[in-house]
Amino acid sequence: MAAAVSALARAYRGSTVLVTGHTVSYGNGKNDIMLLKYSPDGVLLWEQIWGGPLIDQTHGIVIDGDFIYLAGETESYSAGLNDGLLIKADAQTGEFPQP
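What you are looking at is a predicted structure, and each value in this text was computed from that prediction instead of being measured. (Residues numbered from 1 in each chain as written. Predicted model: local features only at pLDDT ≥ 70, side-chain atom pairs only at ≥ 80, totals over all residues. Heavy atoms only, no water.)

Describing the overall build of the chain
Right, on to step 1. For the chain, the helix and strand inventory stands at zero helices and seven strands.
Right, on to step 2. Helices (α) and strands (β) of the chain occur, in sequence order from the N terminus, as β-β-β-β-β-β-β.
Right, on to step 3. The buried share of the chain, reckoned over its 99 residues, is 37%.
Right, on to step 4. Nonlocal contacts in the chain, meaning residues at least 24 apart in sequence, comprise 35% of its contacts between residues at least 6 apart.
Right, on to step 5. For the chain, the computed accessible surface area is about 5400 Å², with 53% contributed by carbon and sulfur atoms. (Helix = DSSP H or I, 4+ residues; strand = E, 2+ residues; numbered from the N terminus. Buried < 20%, exposed > 50% of the residue type's maximum accessible area, 1.4 Å probe, protein only. Contact = heavy atoms within 4.5 Å. Areas by Shrake-Rupley, 256 points an atom, 1.4 Å probe, with all protein chains shown as cover.)

As for the packing of aromatic side chains
Right, on to step 1. Evaluated as defined, the whole model comprises one aromatic pair.
Right, on to step 2. Ring geometry for Trp50 versus Tyr77: centroids 5.5 Å apart, planes at 55 degrees, classification tilted. With a gap of 27 residues between them, Trp50 in strand 4 (residues 44-50) and Tyr77 in the loop between strand 6 (67-74) and strand 7 (83-90) connect regions that are remote in the sequence.
Right, on to step 3. Residue Tyr77 is classed as partly exposed on the basis of its relative accessible area of 40%.
Right, on to step 4. The ring centre of Phe67 lies 4.0 Å from the NZ or CZ of Lys88, which sits over that ring. (Phe/Tyr/Trp six-rings, centres within 6.5 Å; stacked < 30°, edge-to-face > 60°. Lys NZ or Arg CZ within 6 Å of the ring centre and 35° of its normal.)

Observations regarding the environment of Gly21
Right, on to step 1. In this structure, Gly21 sits in strand 2 (residues 16-23).
Right, on to step 2. A relative accessible area of 1% means that Gly21 is categorised as buried.
Right, on to step 3. For the pair Gly21 and His59, spaced 38 residues apart in sequence, the C-alpha separation works out to 7.3 Å.

Written out as structure tokens, the structure is:
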């Protein structure tokens, strides 16, 4: 299995790069959301994984001040088959709220 099935990237303050997507190799379920932060030199600064037992994935990323917003979908925490998802993460640490 690949570490990342899909990824989106966006430059952030001083050429630092944030990458979001989903992973099938790490986390709690089938697909879990990943958020990676790289230095301008390409060094991984931190990684965060969020998700539950079913499919959770992102489709977009927006950076606003001290926060990162990830838009996507979740089956793990849905009222039906799958629901839209908006997660707010800390831009310095990447910490997600607990599912």
